[in-house]
Amino acid sequence: MAISDAVQQLEKLKSKIEASGVTPELAAQATQLVFGTGNPGADIIFIGEAPGKNEDLQGEPFVGAAGKFLNEMLAGIGLKREDIYITNIVKYRPPHNRDPLPEEKTAFLPFLQEQIAIIKPKLIVTLGRHSMDVLLPGLKISQVHGQPKRYKGQVYLPLFHPAAALYNGGMRQTLIEDFSLIPAILEKL
Ligand code: URA
């Protein structure tokens, strides 16, 4: 698909989510829908959990402290935010940054699947257990992080969440090491 078609389809999908009435309690408390940003023709999509305070205010995913760390790890493998696409499973900020509820993740899943179908990435990187749970059910992040998984014809790389790893030295190092596997995985796809 031409990039301009993908941009148009993503715009339509964004409007569709806004009009859908999905998670009305979250929508009522959020500033705005945080849909996703980056290159609609990207080979990789990164999928996080849900917008936090900064993301809710700015309307973009991963713009706070976790996003800064993510940008550093991307730079470490020679990528910029413009090279990838980034979004979250839940697209409205949960109040007080609580974990998204299972039914909230389920409610957003069909929209996430449409978003993925428009972008057609070679690799989906899940950040943390919330996006992994909906896309790769039944796995434990502590056991599978950094291991590429093929599921229903799509290749995934489950990683720890950058926010969880930010202030945990061991997990931070593990996440950096797992991240460094991305170029070789992409190369093979
Ligand atoms: N954490 C997430 O999972 N997503 C964001 O957009 C920001 C922080």
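Structure: above.
These lines cover the structure that appears in this document, whether it is placed above or below.

So, how was this worked out
- Residues numbered from 1 in each chain as written.
- Predicted model: local features only at pLDDT ≥ 70, side-chain atom pairs only at ≥ 80, totals over all residues.
- Heavy atoms only, no water.
- Helix = DSSP H or I, 4+ residues; strand = E, 2+ residues; numbered from the N terminus.
- Rg over C-alpha atoms; globule rule 2.2 N^0.38 Å.
- Contact = heavy atoms within 4.5 Å.
- Buried < 20%, exposed > 50% of the residue type's maximum accessible area, 1.4 Å probe, protein only.
- Phe/Tyr/Trp six-rings, centres within 6.5 Å; stacked < 30°, edge-to-face > 60°.
- Lys NZ or Arg CZ within 6 Å of the ring centre and 35° of its normal.
- Near = heavy atom within 4 Å.
- Polar contact = N/O pair within 3.5 Å; in protein donor to acceptor, adjacent residues only side chain to side chain.
- Areas by Shrake-Rupley, 256 points an atom, 1.4 Å probe, with all protein chains shown as cover.
- Nonpolar A, V, L, I, M, F, W, Y, C, P; charged D, E, K, R; others polar.
- Pairing = 2+ DSSP bridges.

## Comments concerning the overall build of the protein chain
Reasoning step 1: Check the secondary structure of the protein chain and you find 10 helices and 6 strands.
Reasoning step 2: Over its C-alpha atoms the protein chain spans a radius of gyration of 15 Å, differing by no more than 12% from the 16 Å that the globule rule assigns to 189 residues.
Reasoning step 3: In terms of its C-alpha atoms, the protein chain occupies a principal-axis envelope of roughly 40 × 40 × 30 Å.
Reasoning step 4: In the protein chain, the share of contacts with a sequence separation of at least 24, taken over all contacts with a separation of at least 6, comes to 73%.

## A few points about unusual backbone geometry
Reasoning step 1: If you check the backbone angles, Thr23 has positive phi at about 35° while not being a glycine.
Reasoning step 2: Along the chain, Thr23 falls in the loop between α1 (3-20) and α2 (24-29).
Reasoning step 3: What makes Thr23 buried here is its relative accessible area of 9%.
Reasoning step 4: Of note in the backbone geometry, His96 takes a positive phi value of approximately 55° without being a glycine.
Reasoning step 5: Within the secondary structure layout, His96 lies in the loop between β3 (85-88) and α5 (102-119).

## Some points on the packing of aromatic side chains
Reasoning step 1: A complete count under the given rule lists 2 aromatic pairs for this structure.
Reasoning step 2: On the basis of an interplanar angle of 15° and a centroid distance of 5.7 Å, the ring pair of Phe46 and Phe179 is categorised as stacked. Taken together, the residues Phe46 in strand β2 (residues 44-48) and Phe179 in helix α9 (residues 169-179) connect sequence positions 133 residues apart.
Reasoning step 3: Phe46 gets classed as buried once you look at its relative accessible area, which sits at 0%.
Reasoning step 4: In this arrangement the basic side chain of Arg172 is found over the ring face of Phe69, its NZ or CZ atom lying 4.3 Å from the centre.

## Focus: the environment of Ala28
Reasoning step 1: Summarising the element assignment, Ala28 is placed in helix α2.
Reasoning step 2: Expressed as a C-alpha distance, the spacing of Ala28 and Gly128, which sit 100 residues apart in the sequence, is 26 Å.

## A look at the site of the ligand
Reasoning step 1: Around the ligand sit Gly48, Glu49, Ala50, Glu55, Pro61, Phe62, Asn88 and His161, and that is every residue in its neighbourhood.
Reasoning step 2: Taking Glu49, its main chain carries an N or O atom lying 2.7 Å from an oxygen atom of the ligand.
Reasoning step 3: Taking Asn88, its side chain carries an N or O atom lying 2.7 Å from a nitrogen atom of the ligand.
Reasoning step 4: Bound to the protein, the ligand loses 91% of the 240 Å² it would expose on its own.
Reasoning step 5: Residue composition of the shell around the ligand, grouped by class: 3 nonpolar, 3 polar and 2 charged.

## Some words on the pairing of strand β6 (residues 154-159)
In the case of a regular strand, side chains alternate between the two sheet surfaces.
Reasoning step 1: Of all 6 residues making up β6, 6 are buried, and the element is well covered by its neighbours.
Reasoning step 2: The alternating pattern of β6 places Gln154, Tyr156 and Pro158 on one face and Val155, Leu157 and Leu159 on the opposite face, and all of these are buried.
Reasoning step 3: Direction of pairing for strand β4 (residues 123-127) relative to β6: parallel, over a ladder of 5 bridges. The residue of β6 that forms the bridge with Leu127 is Leu159.

## A closer look at the side chain of Ser131
Reasoning step 1: Of note, Ser131 is situated in helix α6 (residues 129-135).
Reasoning step 2: Exposure remark for Ser131: the relative accessible area of 0% places this residue in the buried category.
Reasoning step 3: Filtering out sequence-adjacent residues up to four positions away, Ser131 remains in contact with Ile47, Gly48, Ile89 and Thr126.

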